[in-house]
Amino acid sequence: MSKYTRQDIIRMVKEEDVEFIRLQFTDMFGTLKNVAVTSSQLEKALNNECMFDGSSIEGFVRMEESDMYLYPDLDTFVIFPWRPQQGKVARIICDIYRTDRTPFLGDTRYILKKMIAKAADMGYRFDVGPECEFFLFHTDENGQPTTITHEKAGYFDLGPVDLGENARRDMVLTLEDMGYEIEASHHEVAPAQHEIDFKYDEALVTADHIMTFKLAVKTIAKRHGLFASFMPKPRDGVNGSGMHVNMSLSKDGKNIFEEPADPLGLSKEAYYFIGGIMKHIKGMALITNPLVNSYKRLVPGFEAPIYIAWSATNRSPLIRIPASRGAGTRIELRSPDPSANPYLALAVCLAAGLDGIASRIMPPEPVTENVFTMRLKEKEKLGIASLPEDLGEAIREFEQDAFIKEILGEHISGKYLKAKKAEWADYRTQVTQWETEKYLYKI
């Protein structure tokens, strides 16, 4: 059931003195885009008559098929609390349609909606709760971002050591003004690293919330003279930023992952869901960890998951089952990072899990000890494989997983793969400062 009608939007825009409405959408790589219209053009926008040039958006279409329509999702209407109180600014997230009024197959929001519809046909609702980490850095004299920070705070530290505490508080208050239910916020392990957790919701709502969350965090950081970065590993020698994804399926209002009679409190569906994700995780990595930099986070010594294993008792494996049971029973996938397009990331997570259920894929036995301290022979004996070590390996694994490519569709799979191959080739030709410092004087 929809939250808002057309007349609700028109009334709120008038009553709240909204002057600009930003029609937002997300490109293939998770970058937020928008077309701004004034309130005088609102009815045109609500009639799905606003067009834009899709050929200018990377990964969309060719010049000769460039005209595209924006279809506003009325339930995503929200007024930005950081804009002026007179002549306010609101936004509506949009779906993308072609000129023949069919959904654009390169719209990543559409890909997630298709998977949600497939789950619904099976009687399931897919709920997700993300854990979004980010860094707050200083800017230079020109307002450009740096990786400089003067703080020394660590996990759960507070002011005055936590120099980002005031900015983080304002972020939380701003997000609450926008309708978020913030469950927790705290300083993370690395200096200048923070986490804000908002309540789980249906997958499409959560993906929309992640995109808006990034915008709000960056905007409030800038007001404090800081730069908020969601880069997975902006500094070496410290922990990188992840975006752990907590997932559950419900049927007829009941969490189907719970089974009180099971020793771990998990249902068959929960085990199968884990099995499906473990089966496809290598092919999914290009989506959940899409950058060259993503794999600088997935290295030993910094708490990030590397090994494809699961546990209900420790945090070292790829998949963790948090202690909460009942309605809170969930599966936590720890590998995704905040550079991922959330629509695609949640789509492949759901698809892999449903494949596990449909194919009755049982995962291996859970790991009860710290995977990081296991010897290689122990891991080999248990059949514990590793995530891709770099973007090149992730590309190869993606190419070999026909199921994941089919979920994304030919358009996105082809264009995404082409772009990532170009990114990897470009990276491989670079000569880094580390290389010159390591080798120049020796050879």
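A brief structural summary. Keep in mind that this is a model prediction, so the values were computed, not measured.

### Notes on empty space enclosed by the protein
Inference 1: Counting across every chain of the model gives one cavity of 30 Å³ or more.
Inference 2: In this structure, the largest cavity encloses a volume near 30 Å³.
Inference 3: Around the largest cavity, the lining residues are Phe25, Thr26, Ile93, Cys94, Asp107, Arg109 and Tyr343.
Inference 4: Grouping the constituent residues of the lining of the largest cavity by class yields four nonpolar, one polar and two charged.

### What about the packing of helix H8 (residues 342-359) against helix H11 (residues 402-428)?
Inference 1: It is at 9 Å that the axes of H8 and H11 come closest, and there the two elements cross at 150°. In terms of orientation, H8 and H11 fall into the roughly antiparallel class. Residues Leu344, Ala347, Val348, Ala351, Ala352 and Asp355 of H8 touch H11, and the partners they reach there are Phe403, Ile404, Ile407, Leu408, Ile412 and Tyr416.
Inference 2: The class makeup of the residues in the contact of H8 with H11 is eleven nonpolar, no polar and one charged.

### Comments concerning unusual backbone geometry
Peptide bonds are mostly trans, and most non-glycine residues show a negative phi.
Inference 1: Even without being glycine, Asp17 reaches a positive phi, approximately 55°.
Inference 2: Take Asp17: it is sitting in the loop between helix H1 (6-15) and strand S1 (18-26).
Inference 3: The class for Asp17 is partly exposed, based on a relative accessible area of 38%.

### Some details on helix H4 (residues 165-177)
Inference 1: Under the 1.5 Å per step criterion, the end-to-end length of H4 is 18 Å for 13 residues, consistent within 8% with the ideal 18 Å.
Inference 2: Buried within H4 are the following residues: Ala167, Arg168, Met171, Val172, Thr174 and Leu175. Projected onto a plane normal to the axis of H4, the buried residues spread over an arc of 165° and lie on a single side.
Inference 3: Residues of H4 that are buried make contact with strand S7 (125-138), strand S8 (182-187), strand S9 (193-198), helix H5 (203-223) and strand S11 (226-229).
Inference 4: A positive backbone phi angle near 100° is found at Gly179, which sits one or two residues after H4.

Conventions adopted
- Residues numbered from 1 in each chain as written.
- Predicted model: local features only at pLDDT ≥ 70, side-chain atom pairs only at ≥ 80, totals over all residues.
- Heavy atoms only, no water.
- 1 Å grid on protein atoms, 1.4 Å probe; cavity = no way out; pocket = protein on both sides within 12 Å on 5 of 7 lines; lining within 4 Å.
- Points joined across faces, edges and corners; volume = space filled by probe spheres on them.
- Nonpolar A, V, L, I, M, F, W, Y, C, P; charged D, E, K, R; others polar.
- Axes fitted to C-alpha atoms, helices over the stretch in contact; angles between N-to-C directions.
- Helix = DSSP H or I, 4+ residues; strand = E, 2+ residues; numbered from the N terminus.
- Parallel < 35°, antiparallel > 145°, perpendicular 65-115°, else oblique.
- Contact = heavy atoms within 4.5 Å.
- Buried < 20%, exposed > 50% of the residue type's maximum accessible area, 1.4 Å probe, protein only.
- Expected span 1.5 Å × (residues − 1).
- Arc of directions from axis to C-beta.

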